[in-house]
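# Structure at a glance
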Amino acid sequence: MATREQKSIVICGAGIAGLATAYWLAVVHGRRDILIVDPVAPMSLTSAASGENYRNWWPQPELAAFADRSIALMRDLAGDGNTHFRMSRGGYAYVTRRQDTDAMIGEIERVYGHGKAGDVRVHDHGKPIPDADNGADILLHREAIRARFPHLNPDVRAVTLVRRAGDIDSQQMGQFMLNAAKARGVGLAPLEIEGIAENGRRLEITASSAGEAKLIEADIFINAAGPFAKRVGRMLGVDLPIDCVFQQKIAFEDVHGVVPRNAPFTIDQDAGPLDWPDEVRELLREDPETAPLAQEQPGGVHVRPEGGEASRWVKLGWATNKTAEPPVRHPTGADTFPEIVMRGAARLVPGLAAYCEDMPRNLSHYGGYYTRTPENWPLIGPVGPPGAFMIAGLSGYGTMMACAAAELCAAWVTGSDLPALAHRFSLERYTDERVMAEFADTGTDGEL
Ligand SMILES: Cc1cc2nc3c(=O)[nH]c(=O)nc-3n(C[C@H](O)[C@H](O)[C@H](O)COP(=O)(O)OP(=O)(O)OC[C@H]3O[C@@H](n4cnc5c(N)ncnc54)[C@H](O)[C@@H]3O)c2cc1C
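Residues numbered from 1 in each chain as written. Predicted model: local features only at pLDDT ≥ 70, side-chain atom pairs only at ≥ 80, totals over all residues. Heavy atoms only, no water.

Once that is clear, we can look at the pairing of strand β4 (residues 92-96). Among the five residues in β4, five count as buried, and that is most of the element. In terms of strand pairing, β4 meets strand β7 (residues 158-162) through five bridges, oriented antiparallel. Residue pairing in the sheet places Y94 in a bridge with T160 of β7. Note that β4 and strand β14 (residues 265-268) share four bridges and pair parallel. Note that in β14 the partner of A93 across the bridge is T266. (Buried < 20%, exposed > 50% of the residue type's maximum accessible area, 1.4 Å probe, protein only. Helix = DSSP H or I, 4+ residues; strand = E, 2+ residues; numbered from the N terminus. Pairing = 2+ DSSP bridges.)

Another point: the side chain of R424. Of note, R424 is situated in the loop between α11 (398-414) and α12 (433-442). Polar side-chain contacts of R424 include one of 2.4 Å to the side chain of E62. If we skip the residues at most four places from it in the chain, R424 touches E62, W377, R429, R434, V435 and E438. (Polar contact = N/O pair within 3.5 Å; in protein donor to acceptor, adjacent residues only side chain to side chain. Contact = heavy atoms within 4.5 Å.)

Taken together, 40 residues lie near the ligand, and D38, T46, S47, R329 and M400 sit nearest. The separation between an oxygen atom of the ligand and a polar side-chain atom of S47 is 2.6 Å. A distance of 3.0 Å is found between an oxygen atom of the ligand and a backbone nitrogen or oxygen belonging to G398. Compared with its free state, where it exposes 1000 Å², the ligand has 97% of that area covered by protein. Of all the elements in the fold, those that place two or more residues in the shell around the ligand are α1 (16-28), α2 (46-49), β10 (192-199), β13 (243-253), β17 (363-372) and α11. Here the residues of the shell around the ligand sort into 21 nonpolar, 14 polar and five charged. Taken domain by domain, the shell around the ligand gets at least three of its residues from each of domain 1 (3-83 + 169-241 + 374-442) and domain 2 (96-164 + 244-372). (Near = heavy atom within 4 Å. Areas by Shrake-Rupley, 256 points an atom, 1.4 Å probe, with all protein chains shown as cover. Nonpolar A, V, L, I, M, F, W, Y, C, P; charged D, E, K, R; others polar. Domains from an automatic or database assignment.)

Here is the structure:
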(Lines give C-alpha, C1' and ligand atoms only; values in the text may rest on other atoms or scores of the structure.)
Protein backbone atom coordinates (compact mmCIF):
# COMPACT_ATOMS: atom_id res chain seq x y z
CA MET A 1 0.00 0.00 0.00
CA ALA A 2 1.57 3.32 -1.09
CA THR A 3 1.99 6.04 1.51
CA ARG A 4 0.36 9.35 0.51
CA GLU A 5 1.64 12.89 0.85
CA GLN A 6 0.62 16.32 -0.39
CA LYS A 7 3.02 18.99 -1.62
CA SER A 8 2.65 22.35 -3.25
CA ILE A 9 5.62 21.88 -5.61
CA VAL A 10 7.56 18.74 -6.56
CA ILE A 11 10.85 19.11 -8.45
CA CYS A 12 12.06 15.95 -10.20
CA GLY A 13 15.87 16.03 -10.21
CA ALA A 14 18.58 17.34 -7.88
CA GLY A 15 21.10 18.29 -10.55
CA ILE A 16 22.09 21.93 -10.99
CA ALA A 17 18.78 22.66 -12.80
CA GLY A 18 16.56 21.27 -10.04
CA LEU A 19 18.58 22.83 -7.21
CA ALA A 20 18.68 26.26 -8.88
CA THR A 21 14.92 26.09 -9.50
CA ALA A 22 14.30 25.19 -5.84
CA TYR A 23 16.49 28.15 -4.84
CA TRP A 24 14.62 30.59 -7.08
CA LEU A 25 11.19 29.40 -5.98
CA ALA A 26 11.94 29.22 -2.24
CA VAL A 27 14.48 31.98 -1.67
CA VAL A 28 13.63 34.53 -4.37
CA HIS A 29 9.84 34.01 -4.65
CA GLY A 30 9.24 32.82 -1.08
CA ARG A 31 7.25 29.74 -2.18
CA ARG A 32 6.77 27.10 0.51
CA ASP A 33 6.08 23.37 0.69
CA ILE A 34 8.59 22.34 -1.99
CA LEU A 35 10.03 18.84 -2.30
CA ILE A 36 12.97 17.87 -4.52
CA VAL A 37 13.07 14.17 -5.36
CA ASP A 38 15.99 12.23 -6.75
CA PRO A 39 17.09 8.62 -6.16
CA VAL A 40 20.77 9.65 -6.21
CA ALA A 41 22.83 12.25 -4.35
CA PRO A 42 22.43 15.90 -5.44
CA MET A 43 24.74 16.97 -8.29
CA SER A 44 25.93 13.40 -8.88
CA LEU A 45 24.74 12.71 -12.45
CA THR A 46 25.46 15.02 -15.42
CA SER A 47 26.20 17.92 -13.11
CA ALA A 48 29.18 15.98 -11.73
CA ALA A 49 30.68 15.66 -15.23
CA SER A 50 30.58 19.36 -16.07
CA GLY A 51 33.79 21.07 -17.15
CA GLU A 52 32.47 23.96 -15.00
CA ASN A 53 33.30 26.62 -17.58
CA TYR A 54 31.22 29.67 -18.38
CA ARG A 55 31.15 32.30 -21.16
CA ASN A 56 28.76 34.79 -22.66
CA TRP A 57 30.39 34.18 -26.08
CA TRP A 58 27.57 32.53 -28.03
CA PRO A 59 26.79 32.86 -31.74
CA GLN A 60 23.06 33.31 -31.17
CA PRO A 61 22.11 36.58 -29.44
CA GLU A 62 19.45 34.81 -27.36
CA LEU A 63 21.96 32.36 -25.82
CA ALA A 64 24.53 35.15 -25.40
CA ALA A 65 21.99 37.30 -23.53
CA PHE A 66 20.82 34.32 -21.46
CA ALA A 67 24.41 33.41 -20.50
CA ASP A 68 25.17 37.05 -19.73
CA ARG A 69 22.19 37.18 -17.36
CA SER A 70 23.23 33.90 -15.74
CA ILE A 71 26.80 35.13 -15.21
CA ALA A 72 25.48 38.28 -13.52
CA LEU A 73 23.25 36.15 -11.26
CA MET A 74 26.13 33.77 -10.45
CA ARG A 75 28.46 36.63 -9.59
CA ASP A 76 25.84 37.98 -7.17
CA LEU A 77 25.35 34.56 -5.62
CA ALA A 78 29.08 33.87 -5.32
CA GLY A 79 29.30 36.95 -3.08
CA ASP A 80 32.07 39.51 -2.67
CA GLY A 81 35.42 37.72 -2.68
CA ASN A 82 33.70 34.45 -3.69
CA THR A 83 32.54 33.84 -0.12
CA HIS A 84 29.83 31.38 -1.21
CA PHE A 85 31.53 29.56 -4.08
CA ARG A 86 34.60 29.99 -6.24
CA MET A 87 34.09 31.73 -9.58
CA SER A 88 37.13 32.69 -11.63
CA ARG A 89 37.29 35.32 -14.37
CA GLY A 90 40.09 33.58 -16.25
CA GLY A 91 38.48 33.95 -19.68
CA TYR A 92 38.42 31.63 -22.70
CA ALA A 93 41.12 31.59 -25.36
CA TYR A 94 40.08 30.39 -28.84
CA VAL A 95 43.28 29.55 -30.68
CA THR A 96 43.98 29.06 -34.39
CA ARG A 97 46.85 28.62 -36.81
CA ARG A 98 44.89 30.24 -39.65
CA GLN A 99 46.91 32.67 -41.71
CA ASP A 100 43.94 34.42 -43.38
CA THR A 101 43.38 36.52 -40.28
CA ASP A 102 41.31 39.19 -42.09
CA ALA A 103 38.82 36.55 -43.18
CA MET A 104 38.84 35.10 -39.65
CA ILE A 105 38.10 38.51 -38.09
CA GLY A 106 35.30 38.99 -40.62
CA GLU A 107 33.74 35.67 -39.59
CA ILE A 108 33.99 36.51 -35.90
CA GLU A 109 32.36 39.88 -36.49
CA ARG A 110 29.61 38.32 -38.60
CA VAL A 111 28.77 35.59 -36.06
CA TYR A 112 29.36 37.47 -32.78
CA GLY A 113 28.68 41.02 -33.94
CA HIS A 114 25.16 40.89 -32.48
CA GLY A 115 26.50 42.90 -29.53
CA LYS A 116 25.06 40.67 -26.77
CA ALA A 117 28.52 39.32 -25.98
CA GLY A 118 30.26 42.70 -26.10
CA ASP A 119 32.67 44.32 -28.57
CA VAL A 120 35.37 42.69 -30.65
CA ARG A 121 38.80 44.44 -30.41
CA VAL A 122 41.72 43.58 -32.69
CA HIS A 123 45.38 43.93 -31.57
CA ASP A 124 48.15 43.49 -34.10
CA HIS A 125 50.87 45.12 -31.95
CA GLY A 126 53.11 43.83 -29.18
CA LYS A 127 52.04 46.34 -26.53
CA PRO A 128 50.14 45.18 -23.43
CA ILE A 129 46.38 45.12 -23.92
CA PRO A 130 44.06 46.48 -21.24
CA ASP A 131 41.97 44.12 -19.14
CA ALA A 132 38.29 43.99 -19.99
CA ASP A 133 35.17 42.46 -18.44
CA ASN A 134 33.28 41.89 -21.68
CA GLY A 135 33.66 41.23 -25.39
CA ALA A 136 36.74 39.70 -26.97
CA ASP A 137 40.30 40.74 -27.77
CA ILE A 138 41.81 39.19 -30.88
CA LEU A 139 45.60 38.92 -30.50
CA LEU A 140 47.48 38.73 -33.80
CA HIS A 141 51.03 39.71 -32.83
CA ARG A 142 52.98 36.44 -32.71
CA GLU A 143 55.63 37.57 -30.20
CA ALA A 144 52.93 38.95 -27.93
CA ILE A 145 51.10 35.61 -28.16
CA ARG A 146 54.34 33.71 -27.40
CA ALA A 147 55.06 35.96 -24.43
CA ARG A 148 51.59 35.60 -22.98
CA PHE A 149 51.07 31.88 -23.76
CA PRO A 150 54.56 30.31 -23.86
CA HIS A 151 53.11 26.80 -23.44
CA LEU A 152 51.14 26.95 -26.74
CA ASN A 153 52.44 25.61 -30.04
CA PRO A 154 54.54 28.32 -31.76
CA ASP A 155 52.51 27.77 -34.96
CA VAL A 156 49.57 29.57 -33.33
CA ARG A 157 48.66 32.68 -35.37
CA ALA A 158 45.73 34.21 -33.51
CA VAL A 159 44.14 34.01 -30.07
CA THR A 160 40.63 35.30 -29.39
CA LEU A 161 40.45 36.11 -25.69
CA VAL A 162 36.87 36.07 -24.45
CA ARG A 163 36.57 38.22 -21.34
CA ARG A 164 33.24 37.50 -19.66
CA ALA A 165 34.21 33.88 -19.09
CA GLY A 166 36.00 31.57 -16.68
CA ASP A 167 35.16 28.65 -14.44
CA ILE A 168 33.06 28.03 -11.36
CA ASP A 169 33.09 25.44 -8.62
CA SER A 170 29.65 24.16 -9.58
CA GLN A 171 29.50 21.56 -6.78
CA GLN A 172 29.93 24.39 -4.26
CA MET A 173 27.37 26.46 -6.16
CA GLY A 174 24.82 23.62 -6.11
CA GLN A 175 25.45 22.98 -2.42
CA PHE A 176 25.08 26.69 -1.65
CA MET A 177 21.71 26.85 -3.41
CA LEU A 178 20.55 23.59 -1.78
CA ASN A 179 21.51 24.82 1.71
CA ALA A 180 19.73 28.14 1.17
CA ALA A 181 16.62 26.35 -0.15
CA LYS A 182 16.66 23.88 2.78
CA ALA A 183 16.88 26.82 5.19
CA ARG A 184 13.54 27.95 3.65
CA GLY A 185 12.00 24.53 4.29
CA VAL A 186 12.65 22.79 0.96
CA GLY A 187 12.76 19.02 1.40
CA LEU A 188 14.90 16.47 -0.43
CA ALA A 189 13.70 12.85 -0.74
CA PRO A 190 15.52 9.85 -2.27
CA LEU A 191 12.66 8.90 -4.60
CA GLU A 192 12.45 7.91 -8.25
CA ILE A 193 9.39 9.17 -10.07
CA GLU A 194 7.66 6.44 -12.05
CA GLY A 195 4.40 7.94 -13.22
CA ILE A 196 2.31 11.10 -13.22
CA ALA A 197 -1.46 11.31 -13.58
CA GLU A 198 -3.96 14.14 -13.55
CA ASN A 199 -6.29 14.02 -10.62
CA GLY A 200 -8.83 16.79 -10.98
CA ARG A 201 -6.96 20.00 -10.10
CA ARG A 202 -3.76 18.31 -8.93
CA LEU A 203 -1.05 16.04 -10.28
CA GLU A 204 -0.69 12.59 -8.75
CA ILE A 205 2.91 11.49 -8.75
CA THR A 206 3.89 7.86 -8.26
CA ALA A 207 7.38 7.39 -6.85
CA SER A 208 9.38 4.68 -5.13
CA SER A 209 12.38 4.22 -2.91
CA ALA A 210 13.99 0.83 -2.21
CA GLY A 211 10.82 -0.95 -3.33
CA GLU A 212 8.52 1.24 -1.25
CA ALA A 213 5.84 3.06 -3.20
CA LYS A 214 4.72 6.60 -2.50
CA LEU A 215 1.94 8.78 -3.91
CA ILE A 216 2.47 12.52 -3.86
CA GLU A 217 -0.27 14.94 -4.82
CA ALA A 218 1.13 18.26 -6.03
CA ASP A 219 -0.15 21.52 -7.48
CA ILE A 220 3.04 22.04 -9.45
CA PHE A 221 5.44 19.49 -10.93
CA ILE A 222 8.80 20.44 -12.49
CA ASN A 223 10.71 18.12 -14.81
CA ALA A 224 14.40 18.75 -14.11
CA ALA A 225 15.44 15.18 -14.89
CA GLY A 226 18.50 15.97 -17.06
CA PRO A 227 19.14 13.09 -19.49
CA PHE A 228 15.90 11.45 -18.33
CA ALA A 229 13.76 14.51 -19.07
CA LYS A 230 12.38 12.80 -22.18
CA ARG A 231 11.27 9.79 -20.12
CA VAL A 232 9.66 12.04 -17.50
CA GLY A 233 8.13 14.13 -20.32
CA ARG A 234 6.38 10.97 -21.59
CA MET A 235 4.86 10.53 -18.12
CA LEU A 236 3.26 13.94 -18.79
CA GLY A 237 2.08 12.80 -22.23
CA VAL A 238 4.65 14.87 -24.17
CA ASP A 239 7.44 13.60 -26.43
CA LEU A 240 10.13 16.23 -25.85
CA PRO A 241 12.44 16.84 -28.86
CA ILE A 242 15.62 16.10 -26.93
CA ASP A 243 18.40 13.57 -27.43
CA CYS A 244 21.34 12.51 -25.32
CA VAL A 245 24.88 12.60 -26.72
CA PHE A 246 27.65 11.19 -24.52
CA GLN A 247 30.76 13.37 -24.03
CA GLN A 248 33.92 12.64 -22.08
CA LYS A 249 36.63 14.42 -20.15
CA ILE A 250 39.83 13.57 -18.34
CA ALA A 251 41.42 15.26 -15.36
CA PHE A 252 45.02 14.44 -14.44
CA GLU A 253 47.85 15.58 -12.25
CA ASP A 254 50.21 17.63 -14.41
CA VAL A 255 53.37 16.47 -12.65
CA HIS A 256 55.59 18.03 -15.33
CA GLY A 257 53.94 21.45 -14.82
CA VAL A 258 53.15 21.81 -18.54
CA VAL A 259 50.00 23.94 -18.26
CA PRO A 260 50.54 27.26 -16.43
CA ARG A 261 48.21 27.62 -13.47
CA ASN A 262 46.94 30.98 -14.74
CA ALA A 263 46.16 29.75 -18.28
CA PRO A 264 42.61 30.44 -19.47
CA PHE A 265 40.25 27.72 -20.71
CA THR A 266 41.89 27.22 -24.11
CA ILE A 267 40.25 25.75 -27.19
CA ASP A 268 42.06 24.56 -30.32
CA GLN A 269 39.82 25.60 -33.20
CA ASP A 270 41.74 23.80 -35.94
CA ALA A 271 41.24 20.34 -37.35
CA GLY A 272 44.40 18.27 -37.73
CA PRO A 273 45.94 14.81 -37.43
CA LEU A 274 47.01 13.17 -34.16
CA ASP A 275 50.71 12.53 -33.75
CA TRP A 276 50.78 8.72 -33.51
CA PRO A 277 54.04 6.75 -33.65
CA ASP A 278 54.34 5.43 -37.26
CA GLU A 279 53.78 1.78 -36.33
CA VAL A 280 50.65 2.66 -34.32
CA ARG A 281 49.26 4.73 -37.20
CA GLU A 282 49.75 1.74 -39.53
CA LEU A 283 47.91 -0.55 -37.11
CA LEU A 284 45.06 1.96 -36.77
CA ARG A 285 44.72 2.15 -40.57
CA GLU A 286 44.41 -1.63 -40.88
CA ASP A 287 41.17 -1.83 -38.89
CA PRO A 288 38.13 -0.04 -40.41
CA GLU A 289 36.91 0.74 -36.89
CA THR A 290 40.09 2.54 -35.85
CA ALA A 291 41.10 3.91 -39.28
CA PRO A 292 39.33 7.28 -38.70
CA LEU A 293 41.77 7.92 -35.82
CA ALA A 294 44.65 7.92 -38.32
CA GLN A 295 42.92 10.67 -40.32
CA GLU A 296 42.34 14.34 -39.62
CA GLN A 297 40.45 15.04 -36.38
CA PRO A 298 38.05 17.93 -35.81
CA GLY A 299 38.94 21.05 -33.85
CA GLY A 300 37.52 21.75 -30.41
CA VAL A 301 39.89 19.98 -28.00
CA HIS A 302 40.15 22.06 -24.83
CA VAL A 303 42.58 22.42 -21.92
CA ARG A 304 42.40 24.19 -18.60
CA PRO A 305 44.14 24.12 -15.23
CA GLU A 306 41.81 22.87 -12.49
CA GLY A 307 41.72 23.86 -8.82
CA GLY A 308 43.66 27.13 -8.77
CA GLU A 309 47.30 27.99 -8.06
CA ALA A 310 47.81 25.41 -5.33
CA SER A 311 46.69 22.47 -7.48
CA ARG A 312 48.54 20.58 -10.23
CA TRP A 313 45.43 19.19 -11.93
CA VAL A 314 44.46 19.83 -15.53
CA LYS A 315 41.20 19.05 -17.35
CA LEU A 316 41.00 18.06 -21.02
CA GLY A 317 37.82 17.63 -23.06
CA TRP A 318 36.79 17.08 -26.66
CA ALA A 319 33.12 16.88 -27.55
CA THR A 320 33.60 14.98 -30.81
CA ASN A 321 30.70 12.55 -30.42
CA LYS A 322 27.63 13.45 -32.46
CA THR A 323 25.66 10.21 -32.03
CA ALA A 324 22.56 10.27 -29.85
CA GLU A 325 21.83 7.25 -27.67
CA PRO A 326 19.28 6.21 -25.02
CA PRO A 327 20.61 7.47 -21.66
CA VAL A 328 21.71 5.06 -18.93
CA ARG A 329 22.43 5.83 -15.30
CA HIS A 330 26.14 4.92 -15.41
CA PRO A 331 27.50 5.72 -18.86
CA THR A 332 31.11 4.73 -19.49
CA GLY A 333 33.48 6.04 -22.10
CA ALA A 334 35.86 4.19 -24.41
CA ASP A 335 39.19 3.19 -22.80
CA THR A 336 40.95 4.85 -25.72
CA PHE A 337 39.60 8.34 -24.97
CA PRO A 338 42.32 9.45 -22.48
CA GLU A 339 45.12 8.85 -24.98
CA ILE A 340 43.16 10.35 -27.88
CA VAL A 341 42.34 13.56 -26.01
CA MET A 342 45.92 13.80 -24.70
CA ARG A 343 47.30 13.50 -28.26
CA GLY A 344 44.73 16.03 -29.49
CA ALA A 345 45.67 18.49 -26.74
CA ALA A 346 49.39 17.95 -27.41
CA ARG A 347 48.88 19.54 -30.86
CA LEU A 348 48.00 22.74 -29.00
CA VAL A 349 50.24 22.36 -25.93
CA PRO A 350 53.32 20.44 -27.16
CA GLY A 351 54.56 19.81 -23.60
CA LEU A 352 51.64 17.40 -23.12
CA ALA A 353 53.34 15.01 -25.56
CA ALA A 354 55.40 13.86 -22.54
CA TYR A 355 52.23 12.16 -21.26
CA CYS A 356 51.23 10.48 -24.53
CA GLU A 357 53.77 7.65 -24.22
CA ASP A 358 53.50 7.50 -20.45
CA MET A 359 49.98 8.46 -19.35
CA PRO A 360 49.71 10.21 -15.96
CA ARG A 361 49.30 7.89 -13.01
CA ASN A 362 46.73 10.13 -11.34
CA LEU A 363 44.08 10.40 -14.00
CA SER A 364 40.32 10.33 -13.88
CA HIS A 365 38.20 9.65 -16.96
CA TYR A 366 34.50 10.47 -16.80
CA GLY A 367 31.59 11.66 -18.87
CA GLY A 368 27.94 12.44 -19.15
CA TYR A 369 25.29 13.41 -21.66
CA TYR A 370 24.73 16.64 -23.50
CA THR A 371 20.91 16.55 -23.37
CA ARG A 372 20.12 18.62 -26.43
CA THR A 373 17.36 19.84 -28.66
CA PRO A 374 18.22 19.78 -32.39
CA GLU A 375 18.92 23.55 -32.34
CA ASN A 376 20.80 23.39 -28.99
CA TRP A 377 18.38 25.74 -27.21
CA PRO A 378 16.94 24.83 -23.79
CA LEU A 379 13.33 23.88 -23.04
CA ILE A 380 11.96 25.89 -20.14
CA GLY A 381 8.29 26.48 -19.42
CA PRO A 382 4.94 24.69 -19.33
CA VAL A 383 4.71 21.10 -20.56
CA GLY A 384 1.64 18.85 -20.78
CA PRO A 385 -1.12 19.16 -18.18
CA PRO A 386 -1.79 22.36 -16.21
CA GLY A 387 0.66 22.70 -13.32
CA ALA A 388 3.49 20.85 -15.09
CA PHE A 389 6.70 22.65 -16.11
CA MET A 390 10.18 21.72 -17.31
CA ILE A 391 13.75 22.99 -17.16
CA ALA A 392 15.48 20.69 -19.61
CA GLY A 393 17.72 20.40 -22.66
CA LEU A 394 20.62 22.21 -20.99
CA SER A 395 23.13 20.55 -23.30
CA GLY A 396 26.78 21.47 -22.67
CA TYR A 397 25.91 24.77 -20.96
CA GLY A 398 23.70 23.80 -18.01
CA THR A 399 26.20 24.85 -15.36
CA MET A 400 26.68 28.35 -16.75
CA MET A 401 23.00 28.88 -17.67
CA ALA A 402 21.43 27.24 -14.58
CA CYS A 403 20.75 30.50 -12.75
CA ALA A 404 19.07 32.24 -15.70
CA ALA A 405 17.21 29.02 -16.55
CA ALA A 406 15.94 28.67 -12.98
CA GLU A 407 14.95 32.33 -12.85
CA LEU A 408 12.95 31.81 -16.06
CA CYS A 409 11.39 28.54 -14.90
CA ALA A 410 10.37 30.15 -11.58
CA ALA A 411 8.81 33.07 -13.49
CA TRP A 412 6.66 30.60 -15.49
CA VAL A 413 5.67 28.72 -12.31
CA THR A 414 4.75 31.82 -10.30
CA GLY A 415 3.09 33.67 -13.18
CA SER A 416 5.60 36.54 -12.90
CA ASP A 417 6.60 38.80 -15.80
CA LEU A 418 8.42 36.81 -18.46
CA PRO A 419 11.48 38.09 -20.34
CA ALA A 420 11.12 38.58 -24.11
CA LEU A 421 12.95 35.36 -24.94
CA ALA A 422 10.74 33.16 -22.72
CA HIS A 423 8.58 31.91 -25.56
CA ARG A 424 11.61 31.15 -27.72
CA PHE A 425 12.97 28.90 -24.97
CA SER A 426 9.64 27.08 -24.48
CA LEU A 427 7.88 24.48 -26.65
CA GLU A 428 6.13 27.39 -28.39
CA ARG A 429 9.17 27.97 -30.63
CA TYR A 430 8.33 24.84 -32.62
CA THR A 431 5.10 26.45 -33.77
CA ASP A 432 6.87 29.65 -34.92
CA GLU A 433 8.27 29.13 -38.43
CA ARG A 434 10.14 32.44 -38.31
CA VAL A 435 12.13 31.41 -35.22
CA MET A 436 12.88 27.98 -36.64
CA ALA A 437 14.12 29.50 -39.92
CA GLU A 438 16.68 31.57 -38.00
CA PHE A 439 18.50 28.41 -36.87
CA ALA A 440 19.18 27.41 -40.43
CA ASP A 441 20.88 30.81 -40.97
CA THR A 442 23.31 30.75 -38.03
CA GLY A 443 25.47 27.85 -39.25
CA THR A 444 26.92 27.16 -35.79
CA ASP A 445 25.23 26.31 -32.50
CA GLY A 446 28.21 27.29 -30.31
CA GLU A 447 28.74 23.82 -28.83
CA LEU A 448 32.18 23.05 -27.43
C1 LIG B 1 31.39 16.16 -20.29
C2 LIG B 1 30.52 17.37 -19.99
C3 LIG B 1 31.10 18.62 -19.83
C4 LIG B 1 30.30 19.74 -19.55
N5 LIG B 1 30.89 20.95 -19.39
C6 LIG B 1 30.12 22.03 -19.09
C7 LIG B 1 30.71 23.29 -18.87
O8 LIG B 1 31.93 23.44 -18.93
N9 LIG B 1 29.91 24.34 -18.58
C10 LIG B 1 28.55 24.21 -18.52
O11 LIG B 1 27.86 25.20 -18.29
N12 LIG B 1 27.96 23.01 -18.69
C13 LIG B 1 28.70 21.92 -18.97
N14 LIG B 1 28.13 20.71 -19.18
C15 LIG B 1 26.66 20.62 -19.14
C16 LIG B 1 26.12 20.54 -17.73
O17 LIG B 1 26.91 19.64 -16.96
C18 LIG B 1 24.66 20.04 -17.79
O19 LIG B 1 23.94 20.84 -18.72
C20 LIG B 1 23.99 20.14 -16.46
O21 LIG B 1 24.77 19.49 -15.46
C22 LIG B 1 22.61 19.50 -16.53
O23 LIG B 1 22.05 19.58 -15.24
P24 LIG B 1 20.65 18.91 -14.97
O25 LIG B 1 20.29 19.27 -13.57
O26 LIG B 1 19.72 19.27 -16.06
O27 LIG B 1 20.91 17.33 -15.11
P28 LIG B 1 21.56 16.28 -14.09
O29 LIG B 1 22.72 16.83 -13.41
O30 LIG B 1 21.73 15.04 -14.89
O31 LIG B 1 20.44 16.08 -13.00
C32 LIG B 1 19.22 15.41 -13.31
C33 LIG B 1 18.79 14.66 -12.08
O34 LIG B 1 17.47 14.14 -12.32
C35 LIG B 1 17.38 12.92 -11.65
N36 LIG B 1 16.28 12.13 -12.23
C37 LIG B 1 16.19 11.65 -13.48
N38 LIG B 1 15.06 10.93 -13.62
C39 LIG B 1 14.43 10.98 -12.43
C40 LIG B 1 13.22 10.40 -11.93
N41 LIG B 1 12.42 9.65 -12.70
N42 LIG B 1 12.87 10.64 -10.64
C43 LIG B 1 13.66 11.42 -9.83
N44 LIG B 1 14.81 11.97 -10.26
C45 LIG B 1 15.20 11.74 -11.53
C46 LIG B 1 18.73 12.27 -11.89
O47 LIG B 1 19.00 11.24 -10.94
C48 LIG B 1 19.67 13.45 -11.78
O49 LIG B 1 20.26 13.58 -10.51
C50 LIG B 1 28.89 19.58 -19.45
C51 LIG B 1 28.31 18.33 -19.58
C52 LIG B 1 29.11 17.23 -19.85
C53 LIG B 1 28.46 15.89 -20.00
